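Overview (structure and organization)
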Amino acid sequence: MTGAGGMLVLAERTVTDEFSDHFGPDSLRAFDDPYEALAAMENRDWASVVIAGSYVGLRGLCRAVRRLQRNARIVVLCGPAAESEVLALVGGASDEGPIDDYFIYPLTAADWRKVTPVDHRDDSNQEE
Amino acid sequence: MGDNTKSCRGRKIIILSRDAALEGAARGEDSMSPYQCLRVTSPYEAAAELLAEPPIAIVIDLRCLTPGDLPLIEMAYQRGLEVLAVGAVPLGITTTDLSGVRLSARGHLSALLEGLAQSLPYDGQDGNSAQALTGESPEPSSQARSIEHKASRTDRKAIQTFAPAPKAQANDKPPGKSPNELLTREELAALLEDES
């Protein structure tokens, strides 16, 4: 394993392009296939994993990501209609609540600051 | 062999099923079975377990599998793992997609897994690492031979393998005309046995 760092974004192309524009293409690795994303977690610790999109079996997917990335900050982006489902996944790394936070998509300017991985934040953003 | 301190490493069987009874069937009645079963309910979790610690084999309840989950099987093959399945082939998946997967009746699962576990080095990673590094698909393995040997002790009909279809023929034929083309008579017999 390398040291924890970087952001992995699992989302459809339009979303990953937004992240790439916002953080720079070198700051993240983007996937739209969950299995490819999981494989990229095998030998690397990521600082942050962002999951966006209506993946079937989202709970299982989030639990799988947590299994491979114990220390990553895992956030989910969802539409307003899915908020209650995603809210139930927030638990700070427990099996039943494998994600750390969620945001309603599209992101606001404030959300973009909060979703920023720890190693990308300046001091004023480090609230946790 | 027999180093109990390493008993957790490489002695794991991943069971992908929402049915807890399948885990029992995989374990069998022998409390001293040479492997540990870990049941997960999501194909993604199965993939994560597979990546986190390579198991001896993966058992898939085909009811949990969708066409989008076929990379899980590919992932298992890339690591030289045996893939066993129970149940009927789900809609949207063809027998060609499951090429190399061994279809088993529930009642014979524990015997098959026991044979598999006993055929491997104690640290199951040893035999698989080279294949994983080269990314080559596994040859018909000694594991497979052992399974068949074990099956012969119980019932050869207990296990059927989805054979890879010859590419030319697969392209020439129109896709799945009738259910009779999906399963062989032996596979159907195994499935019916599974249901009972």
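Residues numbered from 1 in each chain as written. Chains lettered and ligands numbered in written order. Predicted model: local features only at pLDDT ≥ 70, side-chain atom pairs only at ≥ 80, totals over all residues.

Some remarks on the interface of chain A and chain B
Stated formally: Note that contacts rest on C-beta atoms placed from the backbone: two residues are in contact if these are within 7 Å. Going along the chain from the N terminus, every DSSP run of H or I of four or more residues is numbered as a helix, and every run of E of two or more is numbered as a strand. Amino acids outside the nonpolar list (Ala, Val, Leu, Ile, Met, Phe, Trp, Tyr, Cys, Pro) and the charged list (Asp, Glu, Lys, Arg) are all regarded as polar, and Gly is one of them.
Residue-level contacts link 12 residues of chain A with 12 residues of chain B. Listed by contribution, the elements that provide at least two residues to the side of chain A that touches chain B are α2 (34–39) and α3 (58–68) of chain A. If you tally residues by element for the side of chain A that touches chain B, the top one is α3(A), at six residues. Looking at side-chain class alone, the side of chain A that touches chain B contains seven nonpolar, two polar and three charged residues.

Some remarks on helix α2 (residues 43–52) of chain B
Rules: Once C-beta atoms are placed from the backbone, each residue is buried if 20 or more other C-beta atoms lie within 10 Å of its own, exposed if 12 or fewer, and partly exposed for counts between those two.
Counting buried positions along α2(B) gives nine out of 10 residues, so the element sits mostly inside the fold. Within α2(B), burial applies to P43(B), Y44(B), E45(B), A46(B), A47(B), A48(B), E49(B), L50(B) and L51(B).

Details of the sheet that holds strand β1 (residues 7–10) of chain A
Paired through their backbone hydrogen bonds, the strands of a sheet run either parallel or antiparallel. Residues and elements named next belong to chain A. The test is simple: Whether two strands pair depends on DSSP finding at least two bridges between them. As a rule, the C-alpha atoms of each element are fitted with a line to give its axis, helices using only the stretch in contact, and angles between N-to-C directions run from 0 to 180 degrees.
Here we have five strands laid out as an open sheet, ordered β2-β1-β3-β4-β5, and parallel in their pairing. On the outer flanks of this sheet lie β2 (28–31) and β5 (101–104), each paired with one strand and no other. Between one strand axis and the next, the sheet turns by 20° as a mean value, whatever way the strands run. Pairing analysis gives four bridges linking β1 to β2, with the strands arranged parallel. Bridge pairing in β2 places M7 opposite L28.

So, helix α1 (residues 13–23) of chain A
Residues and elements named next belong to chain A. Under the convention used in this document: Picture the helix axis, draw a direction to every C-beta atom, and the arc is the one those directions span.
Those residues of α1 not exposed but buried are V15, T16 and F19. For α1, the angular spread of buried residues about the axis comes to 95°, placing them on one side. Turned more than 90 degrees away from the buried face of α1 sit R13, T14 and D21, all of them exposed. Against the buried residues of α1 lie β1, β2 and β3 (48–52). Among the residues trailing α1, G24 stands out with phi positive, at a value near 95°.

Side note on the packing of α2(B) against helix α3 (residues 70–78) of chain B
All names here are of chain B. Stated formally: By definition in this entry, angles of less than 35 degrees are roughly parallel, angles greater than 145 are roughly antiparallel, angles of 65 to 115 are roughly perpendicular, and the rest are oblique. Less than a right angle of anticlockwise turn of the near helix away from the far helix marks a crossing as left-handed, whereas a clockwise turn marks it as right-handed.
Contact pair α2 / α3: the axes reach a minimum separation of 10 Å and the direction vectors enclose 15°. Compared by their axis directions, α2 and α3 come out roughly parallel. Here α2 runs over α3; the crossing is left-handed. Contact residues: α2 offers P43, A46, A47 and L50, while α3 offers L72, M75 and A76. Class assignment of the residues belonging to the contact of α2 with α3 gives a composition of seven nonpolar, no polar and no charged.

Considering the nonpolar core
Keep this limit in mind: Each nonpolar core consists of buried Ala, Val, Leu, Ile, Met, Phe, Trp, Tyr and Cys residues. Their C-beta atoms, within 7 Å, join them into a set.
Counting 79 residues, the largest nonpolar core has L38(A), V50(A), V76(A), I13(B), A47(B), I58(B) and V59(B) as its most contacted members. Residue contacts for I58(B): discarding those within four places in its chain leaves I14(B), L16(B), A46(B), L50(B), A76(B), L81(B) and V83(B).

Some points on the pairing of strand β4 (residues 73–78) of chain A
All names here are of chain A. So the rule is basically this: By convention a crossover is right-handed if, when the strands point away from the viewer, the path from the first strand over the helix to the second runs clockwise.
Most of β4 sits inside the fold, with six of its six residues counted as buried. In β4, alternate side chains face the same way, and those of R73, V75 and L77 on one face and I74, V76 and C78 on the other are all buried. Here β3 pairs with β4 via five bridges, running parallel. The partner of V50 across the bridge, within β4, is V75. Handedness of the crossover joining β3 and β4 through α3 is recorded here as right-handed.

Digging into the confidence of the model for chain A
Residues and elements named next belong to chain A. So the rule is basically this: Each residue gets a pLDDT score, which is the predictor's confidence in that residue and runs from 0 to 100.
Across chain A, the average pLDDT comes to 87, with 84% of residues at or above 70. In the model of chain A, helix α5 (residues 109–115) stands out as the element of lowest mean pLDDT, 91, in contrast to α2, which has the highest, 98. A low-confidence stretch, residues 120–128 stays under pLDDT 50, and its non-local contacts, those more than four residues away or across chains, total six contacts.

Looking at the environment of L70(B)
Residues and elements named next belong to chain B. By the secondary structure assignment, L70 is in helix α3. The class of L70 is partly exposed, set by 16 C-beta atoms lying within 10 Å. Each C-alpha atom, one on L70 and one on H108, is 24 Å from the other, the two residues being 38 residues apart in sequence.

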